[in-house]
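A look at the structure
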Amino acid sequence: MEIGSEFWDVPVSEETNTLFPDSVQWFLAGRSALTALIREIREKREVHTAALPSWCCDSMILPFLRENIEVRFYPVYWKNGLRQEPQQDSDILFLMDYFGYTSCASVSHPCVIRDLTHSVFSQPHIVNSYCFGSLRKWCGVKTGGFAWGIQTGKELTDKKFIDLRTMAMREKEKYIAGRTGSKKHLEIYKEAEEYLDHLEGVSGADPDDIKVIQHLDISRIRAQRRKNARILMCELKDQLIFPSFETDDCPMFVPILVPHEKRDELQGYLIQHEIYCPVHWPVSKYHKLKGRESEIYQNELSIICDQRYTEEDMYRIVDTIDRFWKEG
């Protein structure tokens with residue numbers, strides 16, 4: 001059985017959860033939610049610049065550029081721990097806690113946007129601020145963008161994107177269940193992401209997703225991820241970006257730094273053994289990086305620890321990584 005890659009199911013319970021505030025608004029994706037935030041902020045104040053962490057993906061950068069806001073990068077780098085140096089000389093300050101681990105110190109700034117994509121299941125959230133994120137990297141929702149701190153009206157969703165995601169999940173479920181040997185779900189997921197990359201503006205979430213999200217099994221998600229992460233962190237302790245997690249943290253992945261420029265080779269080796277661990281993130285053409293900021297892009301690999309998998313799966317990952325180093 002493969003480990004990783006896209007989700008195909010959503011862990012739910014009969015109880016309604018209280019993960020999100022009543023003021024939450026739902027969107028097609030995180031970038032759509034961020035665009036809605038930016039537009040509403042601009043209605044209230046003059047905005048020309050935004051400070052973003054140097055370690056980020058282009059889906060965080062593009063919504064600002066498309067709204068004609070200059071992006072400035074503040075340093076995020078590894079030096080005996082993850083270091084963030086938020087700069088406060090921009091109209092908007094963008095903050096995030098990476099991979100669900102408490103990592104960003106509180107700062108004082110008149111306009112802060114918090115990206116909760118990685119930390120939505122972690123520490124208690126600040127309701128009276130601008131927050132957004134996406135649930136698509138946590139479970140098998142088709143859309144799952146969210147934001148609060150705004151009063152934006154309801155928007156139409158994008159049927160083509162939802163149809164592609166639905167089709168891909170059905171094919172993935174068939175593959176995992178052994179009803180087909182085809183991996184065509186990978187191409188459909190890819191097509192959906194490429195389609196999303198070219199969408200601009202604001203689109204609403206799938207109404208069915210909103211109903212499902214209200215019944216997410218938060219306890220299961222948190223407990224299994226923390227249990228899996230502990231195993232990986234114990235076995236891979238010499239390579240960890242985050243050596244531990246706090247009481248309220250819920251790991252999205254267990255990110256490691258792969259030494260000796262072997263990251264891409266290790267990732268390929270894991271794929272050969274049906275283990276799909278992503279890189280966060282490819283450097284885009286929109287980045288402006290210095291030497292110490294580039295190193296983390298070149299060496300980071302995100303090890304799977306999510307609720308789909310068991311203790312046995314975690315040791316399979318560890319054993320495969322050990323074999324890579326012994327064979328290399």
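Relevant structure appears above.
Description of the structure in this document. Since this is a predicted model, take the numbers as computed values, not measurements.

Procedures and definitions
- Residues numbered from 1 in each chain as written.
- Predicted model: local features only at pLDDT ≥ 70, side-chain atom pairs only at ≥ 80, totals over all residues.
- Heavy atoms only, no water.
- Helix = DSSP H or I, 4+ residues; strand = E, 2+ residues; numbered from the N terminus.
- Rg over C-alpha atoms; globule rule 2.2 N^0.38 Å.
- Buried < 20%, exposed > 50% of the residue type's maximum accessible area, 1.4 Å probe, protein only.
- Contact = heavy atoms within 4.5 Å.
- Areas by Shrake-Rupley, 256 points an atom, 1.4 Å probe, with all protein chains shown as cover.
- Lys, Arg positive; Asp, Glu negative; His and termini not counted.
- Charge placed at Lys NZ, Arg CZ, Asp CG, Glu CD.
- Pairing = 2+ DSSP bridges.
- Axes fitted to C-alpha atoms, helices over the stretch in contact; angles between N-to-C directions.
- Salt bridge = Lys/Arg side-chain N within 4 Å of Asp/Glu carboxyl O.
- Core = buried A, V, L, I, M, F, W, Y, C linked by side-chain atoms within 4.5 Å.

If you tally the helices and strands in the protein, you get nine helices and 13 strands. For the protein, whose C-alpha radius of gyration is 19 Å, the value lies close to the compact-globule estimate of 20 Å for 328 residues. Burial status across the protein gives 58% buried among its 328 residues. Counting only contacts in the protein whose residues sit at least 6 apart along the sequence, the fraction spanning at least 24 positions is 68%. Carbon and sulfur atoms form 46% of the exposed surface of the protein, whose accessible area is close to 15200 Å². A distance of 1 Å separates the average location of the 42 positive side-chain charges in the protein from that of its 51 negative side-chain charges.

In terms of residue burial, strand S3 (residues 49-53) counts as a mostly covered element, since five of its five residues are buried. Of the two faces of S3, the one carrying Thr49, Ala51 and Pro53 and the one carrying Ala50 and Leu52 are both buried. Bridge count between S3 and strand S4 (residues 70-74): five bridges; the pairing is parallel. Within the sheet, the bridge partner assigned to alanine 51 lies in S4 and is arginine 72.

Here we have seven strands laid out as an open sheet, ordered S2-S10-S9-S8-S7-S3-S4, and mixed in their pairing. The open sheet has two edge strands with one neighbour each: strand S2 (25-27) and S4. For this sheet, the mean angle separating the axes of adjacent strands, direction not counted, is 25 degrees. Where helix H1 (residues 30-44) meets the sheet, its contacts fall on S2, strand S7 (92-96), strand S8 (112-115), strand S9 (130-134) and strand S10 (145-148), and the angle it forms with S9 comes to roughly 165 degrees.

We now examine the environment of serine 284. Tracing the chain through its elements places serine 284 in the loop between strand S12 (275-276) and helix H8 (291-299). Residue classification places serine 284 among the buried residues on the basis of a relative accessible area of 14%. Residues serine 284 and aspartate 58, 226 residues apart in the sequence, show an inter-C-alpha distance of 6.2 Å. Apart from the residues lying within four places of it in its own chain, the contact partners of serine 284 are Asp58 and Ile61.

When charged atoms on two side chains of opposite charge get close, those side chains can pair. Following the criterion strictly, the structure yields 18 salt bridges and no others. For lysine 44, the salt bridge is made with glutamate 40, and the minimal N-O distance between the two is 3.9 Å. Linking lysine 44 with glutamate 40, this pair stays in helix H1, spanning four residues, or about one helical turn. Residues lysine 142 and aspartate 209 are paired through a salt bridge, measuring 3.6 Å at the closest nitrogen-oxygen approach. Of the two residues, lysine 142 is situated in the loop between S9 and S10 and aspartate 209 in helix H5 (residues 207-213); the sequence distance between them amounts to 67 residues. The same class applies to lysine 142 as to aspartate 209, namely buried. Within the structure, one salt-bridge network assembled from shared partners comprises Lys142, Asp206 and Asp209.

If you look at the biggest cluster of nonpolar residues, it comprises 94 residues, and the most contacted ones within it are Phe20, Trp55, Phe64, Ile113, Phe121, Leu135 and Ile303. Sequence-distant contacts of isoleucine 303, defined by excluding residues within four places in its chain, comprise Leu232, Leu236, Phe253, Val254, Ile256, Cys277, Ile317 and Ile321. Counting residues in hydrophobic clusters, the runner-up holds twelve residues, among them Phe161, Ile162, Leu164 and Met169.

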